Amino acid sequence: MAGKIAAIALNTFKEAVRNRVLYVLLFFSVVIMLGAWVASTLSIDDETKIVRDLGAGAINFIALLIAVFVGIGLVYNDLDKKTIYTIISKPISRWHFLVGKYLGLLLTIAVNVLFMTWIFCAVLYLRGYLAGDVMYEALYFVDDEGYLNYRGVFAHLFYLVWSAVKALVFGLLHVVMFGMEGVLGIPGAAATQGLFMTSVLTILEMAIITAFAVLFSSFSSPTLSAFMTVIVFIIGRLNQELYLFADTMVQRAGGMEALGGGQVVAYYFSVVAAHLSPNLAVFNQRRELAEFQDIQLGVMDISYGIAYTAMILTIAAIVFNRRNFK
Amino acid sequence: MSRLLEGKRGLRDALLGVLVLVLLAGAVLYQNRRFEDLGFRVFIYEQRINLPPSDVLRFATLGYDSVYANWLWLVSIQAFGSGWRTEDGTAGPIFNFFDTLTDVDPQFISAYRFGNLVVGDQRGDYELGRDLLRKGTLENVRNYDLPYLGIYNALWMANEEADARWFAIMLRRMEHAPNFMLRLEEFIERTAGRYEMAFEYNVRYWMDYHLAGNDVERDLIEGRIQVLLDQWYKQELTASAERYLEAHGEHPTEMEDLLTEEFMPAFEAPTFQSFRAAMDRRTQQFAGMPARREIPQEIVDEVIEDSTETIVGLPPCPWGTWYFIHEPTRIAYPERRDLFDDSKGFPYLTTAQGLMDIVNRHNMNAQEFILDFYREHERRPTQEEIAHLLTRDPVGGHYVYQREAEESPTFGVFYSTGQRRLADGADPRMGVRGPDPHRFLPDGLRLAPRLSDFPEEEQWGREHGYILDDGTELWEPGVTDPDLEMLLPPEDDEMPQEMPAPPPAP
Amino acid sequence: MAPVIEINGLSKVYVRDVIGFENGRLRVRLKDRRTVALKPLDLTVEEGEIFGLLGPNGAGKTTAIKILMGLHFPTSGDARIMGRPLEDNSVKAKIGFLPENPFFYDYLKGEEFLDYYGQLYGMDKASRRRRIPELLETVGLSHAAQLPLRGYSKGMLQRAGLAQALLNDPKVVFLDEPQSGLDPFGRKEVRDLILSLREQGKTVFFSSHILQDAEMICDRVAILHQGERIAVGALSEMLSAKVKEYEVGFSDVPKEIVEKTKKGAARFVERPNEYLAVFDKEDEARAAVRAILDANGMLESFIARKETLEEYFIREIEGKREAERAALANGGKS
């Protein structure tokens, strides 16, 4: 069973990897990270914070796009193109297929997030190196008489390429050492502190979003699924605010009795939605990252994420089990 | 046309490419003209600083709030760069901007700092600036920058000791704040003239460092206690001088004038000697105590009680010297008050320690002058060229420049004869490293050293016009424009120099 | 011997959603939501036979197969394959299925595709490595093993589909319209393949609307029309053995012979210098042939035609329609 689910997951991963959209998104993320670097030069203070902030935001957002836009087509495409006929008729259960698809997408997201983390770490390292004094010495390619100094140009280029290579290697170390590359005494490692943990949190957050995408995709059209997944994401991100909103409304009115009819509906809607929707704020600690604070990940938070995901997948399996494939 | 191009696809594509380029160039040029017509819009940020409520923004950012905060941050910097005008010219809208920004991302330290800089230091609304810092301090319990800036703002800019104290309390609660920041609390009390409080803090610090085995820091605290007690006594002396001034209409001429019950009542204050004695007595007691932060209040109270004495007459200067009235300053002060900083009492009330500081400063200035001169001319200055520095010193002698000297063959030696006499113990009156002087000297010999106390100095003084025919001593020949600046009391504390400059304006 | 496939009263009624998308438009539908796709169906298929499920488009063939494959759930009735219920994975492990107009992950290469499906069957690596090239050879796709399915033609896809259906060496093979989209050559290959499967002792259950093909290979057939089984049985029992008519094709004959033949024929097809006459009786046909030969004409063909499945089929369905019409007319009167 596990082997078959793994086969489906790996095939799903293959499907995503051979999808051009993914590369567009990855390219986009690299552009954002370099853009963050450029934007940080506009600041007068806390440049690293801005780069880290925008970069981590970009990773999260791109992961969301992958989860939504790859996730919604995941099951639907198989139904639409009838590839599912030959798969369900194989000796597997329907939920195997669903879980395999889900895990495949999650694997895709995880690999992509880690890839982006790598690139982002490299950007942070490179940024640190190019801000060093050596850079400015190498930058003198015009000599005292104002002629181009080719040695200077080459030194500059060499420095640039060498720094980039170093940055990429150290960035990779960050990912493969689970963010602990600082213990090796790598220069500039402080800039990447906590990044790995944030990426792990992003993957956990996307685990929930992906489950929703798979759920919606198993019974509705891609457009509608995308819409509903995004709605879930929004409510999930805001559910603390939503609850506070309802609470404040009652406080302002001075008790439940004072609420008008519409307000009562709004109150119950908010409270119920806030409780039912996944609490994604738990996984949103990018602000702590930007401030170089500790990223906290409690066992309860992880358990919550896993349990919620399992619940959504179970619903998806129930829906999927009852479906007739057209 | 089409027939011409038949079968020449490469040529056709090239022509189409050129067409695209031409069209693009046209579009770019047109855009450029439009942009030029836009002109420079000064008020472009006026709209931008009117942000929606932060609740709405938090909803709208969908968890990407810190990204949005960064955007606002960059906007704020651009707005600052372009002058950042507000409709009514007040700092209120700017404050609101930073308030909203920090609502969206309460951990944005730079925003608090920059907000305080713009609202407080640039617009002069220190109260609003402090509000931002207060919010930042409460939101970021681990950042000691903000309360520190808060103290800076409250104490140096706005003279609000109460606010400064609040920031100091917040600072004390932070775990990783540097030591000197923690001691700001004491500094605030001292600046505010609450010497009892400051003394209590220092006693606590002293014991902390002693228990921690940090002798260097403990000795620093000891020095601070000396400074503190000195300020305390000077305050008392100043009060008595004020009473004297009120009674007689003129400043006292000698310290003895003040030392009566009428002008100088007995007062309770710690003395350095009894403080050290109290501490020495407790060394045994301390030996058994664990090194920890909180010293029981009873022990502190006990130490304070043991240190405190009833001081009758002249207080004992913590450095072992004496308080006296410096005559040249006393003469100059009523005439040239603009030259003196008398915010902390009358400047003529001083000690040998204070005068020695002045001499040292003069010596250092002179050495610097000689070095600069050497750099410029590649030789040492002659006596004529350095003559403007060869004045009298405040301790009864004059400055001498030995162009060729064994001690320093390259640049010569610059020194003060009065200081040398004191250091060598040849003039024991002020007790600098010498035996304590008599409290009241016989034969009308005064504590304040004068040129006329020594024959060779008196001769020098008369030759150079420092002593007039009637025996009056001047600080500089010709009272008309005495450069009295070097008489100003020395910086009595290192703290203001430790304060960093506020963040630089972009 | 127990039947391989048992179908007992299997039926399917589709109920449309009240609100749904139809042709890209949101539509609310309150009436006519039920569509009967399959009326209660009983069938048994014995081991080792080639069973054809025949009928025009929309007859319910595909619905029946989908239910058998567990893709749809029956409204009533049940079916068993090899004595086990439909959703049993141990059953699925012993069957192969080729859907109509199959579509597979087009980003996979031919070999990868079969490897993936092999994993779904739970085959180990060694057996996959042995079986896949063998199958590709069988269906004639060896040359395209490293080509992504995106580049396959419709026929190649059909072959790839066949390959995946046979991957696990199944006991029963379900083929839904296996020959649609193939050229005549390909259709012959599929026919040969099905026959060779029977030789290997496998049971083949296939649906088709191309009756000639079915006629050539099926042991038994069932005919569906509008969801209803209208006939079932061995082909030999269904089709009468006697010759139904005689066809004579000729050319290069004088005009009067043509006229004469035309007069005697039951039907006559005339093209420029090419004629086809159909006779009901053997002696009439013989006479016509003789006349053509005597006139030095060219005898193109002389065929004694038995009843085809197609004709049987049309006859049955026509009869059905007549009955319906009559019933409707009666109902209208009363």
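Residues numbered from 1 in each chain as written. Chains lettered and ligands numbered in written order. Predicted model: local features only at pLDDT ≥ 70, side-chain atom pairs only at ≥ 80, totals over all residues.

So, on to the overall build of chain B. Secondary structure assignment for chain B yields 22 helices and 6 strands. Burial analysis of chain B (506 residues in total) assigns 33% to the buried set. (Helix = DSSP H or I, 4+ residues; strand = E, 2+ residues; numbered from the N terminus. Buried ≥ 20, exposed ≤ 12 C-beta atoms within 10 Å, placed from the backbone.)

The partner chain C presents 22 residues to the 20 residues of chain A that form the contact. Counting only elements with at least two residues in the side of chain A that touches chain C, the list comes to α1 (2–17) and α4 (83–88) of chain A. Among the residues making up the side of chain A that touches chain C, the classes are represented as 7 nonpolar, 7 polar and 6 charged. (Contact = placed C-beta atoms within 7 Å. Nonpolar A, V, L, I, M, F, W, Y, C, P; charged D, E, K, R; others polar.)

The interface of chain B with chain A comprises 17 residues on the first partner and 21 residues on the second. For the side of chain B that touches chain A, the secondary-structure elements that each account for two or more residues are α4 (54–60), α5 (65–81) and α7 (109–122) of chain B. Broken down by element, the residue count for the side of chain B that touches chain A peaks at 6 residues, all from α5(B). Residue composition of the side of chain B that touches chain A, grouped by class: 10 nonpolar, 5 polar and 2 charged.

Residue and element names in this part refer to chain A. Closest axis-to-axis distance for the helix α3 (residues 47–80)/helix α9 (residues 222–253) pair is 9 Å, and the angle between their directions is 140°. By the angle class used here, α3 and α9 are oblique. Taken as a pair, α3 and α9 cross one another with a handedness that is right-handed. Counted together, Leu 64, Val 68, Phe 69, Gly 71, Ile 72, Gly 73 and Tyr 76 of α3 and Pro 222, Ser 225, Ala 226, Thr 229, Val 230 and Phe 233 of α9 form the full contact between these two elements. For the contact of α3 with α9, the per-class residue count stands at 9 nonpolar, 4 polar and no charged. (Axes fitted to C-alpha atoms, helices over the stretch in contact; angles between N-to-C directions. Parallel < 35°, antiparallel > 145°, perpendicular 65-115°, else oblique. Left-handed = near helix turned anticlockwise from the far one by under 90°.)

For α5(B), spanning 17 residues, the distance from its first C-alpha to its last is 24 Å, which sits close to the expected 24 Å at 1.5 Å a residue. Here α5(B) has its buried residues at Asp65(B), Ser66(B), Val67(B), Ala69(B), Asn70(B), Leu72(B), Trp73(B), Ser76(B) and Ala79(B). (Expected span 1.5 Å × (residues − 1).)

Residues and elements named next belong to chain C. Strand order in the open sheet made by the 4 strands is β14-β15-β13-β16, with antiparallel pairing throughout. Where the open sheet ends on each side, the last strands, each with one partner, are β14 (267–271) and β16 (298–306). Averaged over all neighbouring strand pairs, the angle between strand axes comes to 10°, with direction disregarded. Two elements, strand β13 (residues 243–251) and β16, share 8 bridges in a ladder whose sense is antiparallel. Its bridge partner lying in β16, Phe 250 is registered against Leu 299. With respect to the sheet, helix α10 (residues 282–294) is in contact with β13, β15 (274–279) and β16, its orientation differing from that of β13 by roughly 10°. (Pairing = 2+ DSSP bridges.)

What follows is about unusual backbone geometry. Only a minority of non-glycine residues have a phi that is not negative, and only a minority of peptide bonds are not trans. Residue and element names in this part refer to chain C. One non-glycine residue, Met 82, adopts positive backbone phi at about 50°. Along the chain, Met 82 falls in the loop between β6 (76–81) and β7 (84–85). Residue Met 82 is classed as partly exposed on the basis of its 18 C-beta neighbours within 10 Å. The backbone of Asn 296 sits at a positive phi, close to 60°, despite the residue not being glycine.

Before going further, it helps to spend a moment on the nonpolar core. Counting residues in each nonpolar core, the largest one holds 148 residues, and the members touching the most others are Ile109(A), Ala163(C) and Phe174(C). Counting residues per element, this core draws most heavily on helix α5 (residues 94–130) of chain A, which supplies 20 residues. With sequence-adjacent residues up to four places away left out, Ala163(C) is seen in contact with Leu114(C), Leu135(C), Leu136(C), Val139(C) and Leu141(C). Residues Tyr195(B), Ile225(B), Leu237(B) and Met264(B) belong to the second largest nonpolar core, which totals 40 residues. (Core = buried A, V, L, I, M, F, W, Y, C linked by C-beta atoms within 7 Å.)

When pLDDT is averaged across chain C, the result is 82; 96% of the residues are at 70 or more. For this predicted complex, the interface confidence comes out at an ipTM of 0.78, alongside a pTM of 0.69. (pLDDT = per-residue confidence, 0-100.)

Residue and element names in this part refer to chain B. Here helix α19 (residues 352–377) contains 26 residues, and its C-alpha end-to-end distance of 37 Å stays within 8% of the 38 Å for a straight helix at 1.5 Å per residue. Buried positions along α19 lie against β4 (349–351), β6 (413–416) and α20 (417–424). Phi turns positive, to about 55°, at Glu 378, one or two residues after α19.

All names here are of chain C. Every second residue of β15 is oriented toward a common face, the buried set being Tyr 275, Ala 277 and Phe 279 and the non-buried set Glu 274, Leu 276 and Val 278. The pairing of β13 with β15 spans 5 bridges and is classified as antiparallel. The residue of β15 that forms the bridge with Glu 247 is Val 278. In the sheet, β14 pairs with β15 via 5 bridges, with the strands oriented antiparallel. Bridging across to β15, Glu 270 finds its partner in Tyr 275.

Strand pairing in a sheet relies on backbone hydrogen bonds. The paired strands run either parallel or antiparallel. All names here are of chain C. Read across the open sheet, the 6 strands follow the order β8-β9-β10-β5-β11-β12; overall the sheet is mixed. The open sheet terminates on both sides in strands that have one partner only, identified here as β8 (95–98) and β12 (228–234). Between one strand axis and the next, the sheet turns by 15° as a mean value, whatever way the strands run. As paired elements, β8 and strand β9 (residues 172–176) share 4 bridges and run parallel to each other. Across the sheet, Gly 96 pairs through a bridge with Val 173, a residue of β9. Seen against the sheet, helix α5 (residues 154–165) touches β8 and β9 and runs at an angle of roughly 165° to β8. Each of β5 (50–54), β9 and β10 (203–208) touches helix α6 (residues 184–199); the most contacted strand, β10, lies at about 155° to it.

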